[in-house]
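Residue-level structural notes
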Amino acid sequence: MTAQLDRFADLLRSADAAWAVGDAHGTRDAGAVGPIRQDSPLDVTGLAAVLTLWPVVGHLVTEGALRLHTPLSAYWDHHHPAGGTTAHQLLTHTAAVDRPGALLGALAEHLAGEPLAAFAARHVWAPLGMHRTGYDSGGTARAVLRSTLDDLGRFLHHLCEPADTPVARTWIADSLRIRTGELAPARGLLWHPAAHTDPRSGLWCHADPAGSALWVAPREGRWAVLLTRTPGLREAFRNLAFPA
């Protein structure tokens, strides 16, 4: 076991967690603690906004089907909020609406002409080789997004490589920059600067309040993922994955 692997294992030994770190070439290290198996499809529903919604919206923007600063009323005859709300406001959580993700998802499905999951599977997950990522209702009304560490690694390392498809480089660059001006907290498009770091550092995060998180630093070509139900582990894990 490498020194870094040993440090990760020591940090996570009291939690059920799975993790991976890597770069533009793929996964460098990965592991799991507790009953979780690192090669099993795990519940990543709390990260669905950037794994499903974000790349679908990016595809629509890249293809010209959606303009971020155009009021949603331009795309719907009905079913749109008042006040000139835009997709940009929904993506940066600056719109005065309830459940901005659900509203943006409905817009994306309207423009794509099919469910988000089907569109993401065909246009994003399959091209990236994320063949073990998908939704499973499990006989309940709530669909659960499941993925593996390998699949998440494929997604994140794509954000660090030069390839322009399936997620366009312009969409990645536009998303991973401050889009909220002087407002606090600073946000990009469904991503935000990693907590307790300089927003100019280039390290971005999307976190599930329950504990899990994704990090990406395209300028350095590095990424990390932590899947856990223990929110207090995030900052310590990030410090190990991205040492100063």
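Residues numbered from 1 in each chain as written. Predicted model: local features only at pLDDT ≥ 70, side-chain atom pairs only at ≥ 80, totals over all residues. Heavy atoms only, no water.

Quick look at the overall build of the chain
For the record, the criterion: Secondary structure is summarised from DSSP: a helix means a run of H or I of at least four residues, a strand means a run of E of at least two, and numbering begins at the N terminus for each. We compute the radius of gyration from the C-alpha atoms alone; for a globule the expected value is 2.2 Å times N to the 0.38, where N is the number of residues. Any two residues whose heavy atoms approach within 4.5 Å are treated as being in contact. A 1.4 Å probe and the Shrake-Rupley method give the accessible areas. Residues count as covered only by the protein chains that appear here.
The secondary structure content of the chain amounts to eight helices and nine strands. Scaling as 2.2 N^0.38, a compact globule of 244 residues should have a C-alpha radius of gyration of about 18 Å, and the chain matches this with 18 Å. Taking the contacts inside the chain whose residues are at least 6 apart along the sequence as the reference set, 52% of them involve residues at least 24 apart. Working note: accessible area of the chain is about 11400 Å², and carbon and sulfur atoms make up 52% of it.

Re the pattern of salt bridges
How we decide: Salt bridges, as used here, are contacts in which a Lys or Arg side-chain nitrogen is within 4 Å of a carboxyl oxygen on Asp or Glu. Each residue gets one of three labels from its accessible area relative to the maximum for its type: buried under 20%, exposed over 50%, partly exposed in between, using a 1.4 Å probe on protein chains only.
This structure, assessed with the given rule, holds seven salt bridges. With its nearest N and O atoms 3.6 Å apart, the salt bridge here joins Asp136 to Arg146. Taken together, the positions of Asp136 in strand β4 (residues 134–136) and Arg146 in strand β5 (residues 144–147) put the pair ten residues apart, joining distant regions of the chain. In this structure Arg146 comes out as partly exposed when scored by relative accessible area, which is 29%. Asp174 is the partner of Arg177 in a salt bridge, and the nearest nitrogen-oxygen pair spans 3.9 Å. Using a relative accessible area of 33% as the deciding quantity, one classes Asp174 as partly exposed.

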